[in-house]
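# Understanding the architecture of this molecule
Chain by chain, the residues:
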Amino acid sequence: MNIFDILGPVMVGPSSSHTAGAVRIGLLARRLLGSEPVRAVITLSGSFAATGVGHGTDRALVAGLLGMTPDDIRIPDSFELAKKEGLDFRFLDGNIRDAHPNTACLDVMDASGRTLEVQASSLGGGRIMLNKLDGTQIDVTAERPALIVHNVDKPGLVAIVTSLLARESINIATMNLYRSKRGGDAVMVTEVDQNIPEALVEDLKKVDGILKVTCLNI
């Protein structure tokens, strides 16, 4: 534990979990999309749904989608700014099963029609966890850069990913592997110590058996 775990993040209040964490979730969705969202359907679950309006959770999530950070003084005005910037958004209340009480699911789309679904939770003190990406359970802290690779479950692909990271002198912090069944679809979630170059991501996309690559740089 460090001093920031005790004092909490520098932020526009009132709540580190319901406001600062919510901004970070919105910003995370924007970064994963890789472009400016023009549409967002946001489902609030648990205490986010019950008390989110009073804590400004809704405005915080939209602020993050607009690219704001938790200390941005414009957060209370995010709805008005979203209209000016062409972001269409709406909120739904839902009961996401087996989810942390402070959970939001963001279904976002950019101007090109690219879509992304992010489910994330706010853990307190401004910390968040990326729980699902496009329906796949991944549980990434979002505190380190991460590489998320959807691939066919076949030998050699893990070695290709790790060798390309080694080529760029990128150190692996954690790696988790998931698969639906032997020989089916699989997901590699790799957290690393350095930001991941775009060239590496493009090289991975060309590999036979790799279906999708998502990069989260911090």
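Residues numbered from 1 in each chain as written. Predicted model: local features only at pLDDT ≥ 70, side-chain atom pairs only at ≥ 80, totals over all residues. Heavy atoms only, no water.

The name recorded for the protein chain in an unreviewed UniProt entry is L-serine deaminase, from Hungatella hathewayi WAL-18680. For the protein chain, the Cofactor (unreviewed entry) comment in UniProt is given as "[4Fe-4S] cluster". Check the Catalytic activity (unreviewed entry) section of the UniProt entry for the protein chain; it says "L-serine = pyruvate + NH4(+)". (UniProt positions renumbered as here; feature names shortened; annotations may be inferred.)

## Quick look at the environment of Leu 116
Assignment of secondary structure puts Leu 116 in strand S4 (residues 115-124). You can call Leu 116 buried: its relative accessible area is 1%. As for Leu 116 and Leu 106, which are separated by 10 residues in sequence, their C-alpha atoms are 8.0 Å apart. Apart from residues lying up to four places away in sequence, Leu 116 is in contact with Ala 29, Leu 32, Leu 33, Leu 106, Asp 107, Val 108, Leu 133, Asp 134 and Lys 212. (Helix = DSSP H or I, 4+ residues; strand = E, 2+ residues; numbered from the N terminus. Buried < 20%, exposed > 50% of the residue type's maximum accessible area, 1.4 Å probe, protein only. Contact = heavy atoms within 4.5 Å.)

## With respect to the environment of Thr 162
By the element assignment, Thr 162 lies in helix H6 (residues 157-167). In this structure the C-alpha to C-alpha distance between Thr 162 and Ile 172, which are 10 residues apart in sequence, comes to 8.2 Å. In this structure the side chain of Thr 162 is engaged in a polar contact, spanning 3.0 Å, whose partner is the backbone oxygen of Ala 159. (Polar contact = N/O pair within 3.5 Å; in protein donor to acceptor, adjacent residues only side chain to side chain.)

## Observations concerning the sheet that holds strand S10 (residues 210-216)
With respect to topology, four strands assemble into an open sheet ordered S8-S9-S7-S10, the strand pairing being antiparallel. Lying at the two open borders of the sheet, with one neighbouring strand each, are strand S8 (172-179) and S10. Sheet twist, expressed as the average angle between the axes of neighbouring strands with direction ignored, equals 10°. Taken together, the seven bridges between strand S7 (residues 146-152) and strand S9 (residues 185-192) define a ladder with antiparallel strand orientation. Residue pairing for S9: Ala 146 is matched across the bridge by Glu 191. Running over the sheet, helix H7 (residues 198-205) touches S7 and S10 and is turned about 165° from S10. (Pairing = 2+ DSSP bridges. Axes fitted to C-alpha atoms, helices over the stretch in contact; angles between N-to-C directions.)

## Concerning the packing of H6 against H7
In contact at an axis separation of 11 Å, H6 and H7 are set at 155° when each is read in the N-to-C sense. Compared by their axis directions, H6 and H7 come out roughly antiparallel. Crossing hand, H6 versus H7: right-handed. When H6 is examined against H7, the residues Ile 160, Val 161, Leu 164, Leu 165 and Arg 167 are found in contact with a partner set consisting of Leu 200, Asp 203 and Leu 204. Across the contact of H6 with H7, the residue classes tally to six nonpolar, no polar and two charged. (Parallel < 35°, antiparallel > 145°, perpendicular 65-115°, else oblique. Left-handed = near helix turned anticlockwise from the far one by under 90°. Nonpolar A, V, L, I, M, F, W, Y, C, P; charged D, E, K, R; others polar.)

## Some points on the sheet that holds strand S1 (residues 37-46)
Strand order in the open sheet formed by six strands is S2-S1-S3-S4-S5-S6, with mixed pairing between adjacent strands. Among the strands making up the open sheet, the edge pair consists of strand S2 (88-94) and strand S6 (136-140). Going from strand to strand, the sheet's axes swing by 20° on average, the running direction of each strand aside. The sheet contact formed by strand S3 (residues 102-110) and S4 spans seven bridges and is antiparallel. Along S4, the bridge assignment pairs Thr 103 with Ser 121. Taken strand by strand, helix H4 (residues 57-65) contacts S1, S2 and S3, and its axis lies near 145° from that of S1.

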